[in-house]
Amino acid sequence: MTCAINIADNEQLDKLNPYTDSFLIQDIPHKIELKGYQSPFFRRVSKVGENQIRGGIQNGTLKSYPFRGLLVNNFEEMEPWYFKQLKKQYSNAWGIGPVSLCHKEISHKIDRGQKASIDSNHCLNWLDSMKLGSVIYACFGSLSCIISYQLVEIDLGLEYSNQPFIWVIRNTGYSAEIGRWLDTNKFEMRLHYFYTSLSSQEVIVKSDRVKNVVEELMNGEKAGEMKRKARELGELENKALEEGGSSHSNITKFIQDVMHIMKDEQAKQMPCKKVKWKSSLT
């Protein structure tokens, strides 16, 4: 959200070619470089809608609908600097995530979101057959906007790494193309489809880079340290949702704030009773 605010403030982005020009997100401690089409505003709404959302982010209102704060599906320990900056913009910025961890039963987790194209039991059985810590899980979230050519490069990189992987791709307008690509078993046919159908699109990360990163993650010198860090973050996110944790506390604050608003609204709507005062003076 902090990055979205900074992007909304950057009026120069409208002058860039969204597919070929890159830009750096300003005023953050990390180097994050994006193409224009990766902006949270690109092609998700009309130009009028984009301007309304940008303006809403900048001044704290979405058109005529003022809001008191923001709910963020993350926990403060994950990105402390960004939460600190966000709270400078909005005093009521509540990190309440990861909300998916509220589901404790596997069956409940499976039922979240849209129905998967693969049988869940088949997927779980396959995972159980793999060596512990050997499977790559790739997922870019529901807000990511990745062109089909880039998705193919990611697929090639994952396959070249020779590591077992599960890759979750959200349903998009070009998901059918990627589905045909993934379902084609013969490598020659896949390359033919790759170069004839998608080669005019811009790629940010090539397959060899994906392959190298996967190999580094699984077998490189820093693999143990990265996995240890991931386990630590997993423990922190679970603690955040426990009683007394940051997300649990923020959920409580949010509920209290809503109840306070409702109480005020009810008080405003209560009819005032006229009271006749009788003087005791005679």
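Quick summary incoming for the structure in this document. Computed from a predicted model, the values in this text were never measured in an experiment.

1. Remarks on the pattern of salt bridges
One pass over the full model with this rule turns up five salt bridges. With a closest N to O distance of 2.4 Å, Arg 228 and Glu 225 form a salt bridge. Here Arg 228 and its partner Glu 225 are both found in helix H10 (residues 223-241), three residues apart, which amounts to about one turn of the helix. The salt bridge involving Arg 228 is made with Glu 232; its shortest N-O contact spans 2.1 Å. Of this pair, Arg 228 and Glu 232 both sit in helix H10, four residues apart, roughly one helical turn. You can call Arg 228 partly exposed: its relative accessible area is 33%. When salt bridges with common partners are traced through the structure, they connect Glu 225, Arg 228 and Glu 232 into a single cluster.

2. Looking at the packing of helix H6 (residues 148-160) against helix H9 (residues 207-219)
Helix-helix packing is characterised by the crossing angle of the two axes and by the distance between the axes. Interaxial distance between H6 and H9 falls to 7 Å at its minimum, and their mutual angle equals 45°. Classed by the angle they form, the pair H6 and H9 counts as oblique. Considering the relative orientation of H6 and H9, their crossing is right-handed. Here Glu 153, Ile 154, Leu 156, Gly 157, Leu 158 and Tyr 160 of H6 lie close against H9, whose contacting residues are Ser 207, Val 210, Lys 211 and Val 214. Residues belonging to the contact of H6 with H9 are distributed by class as follows: six nonpolar, two polar and two charged.

What counts, and at which threshold
Residues numbered from 1 in each chain as written. Predicted model: local features only at pLDDT ≥ 70, side-chain atom pairs only at ≥ 80, totals over all residues. Heavy atoms only, no water. Salt bridge = Lys/Arg side-chain N within 4 Å of Asp/Glu carboxyl O. Helix = DSSP H or I, 4+ residues; strand = E, 2+ residues; numbered from the N terminus. Buried < 20%, exposed > 50% of the residue type's maximum accessible area, 1.4 Å probe, protein only. Axes fitted to C-alpha atoms, helices over the stretch in contact; angles between N-to-C directions. Parallel < 35°, antiparallel > 145°, perpendicular 65-115°, else oblique. Left-handed = near helix turned anticlockwise from the far one by under 90°. Contact = heavy atoms within 4.5 Å. Nonpolar A, V, L, I, M, F, W, Y, C, P; charged D, E, K, R; others polar.

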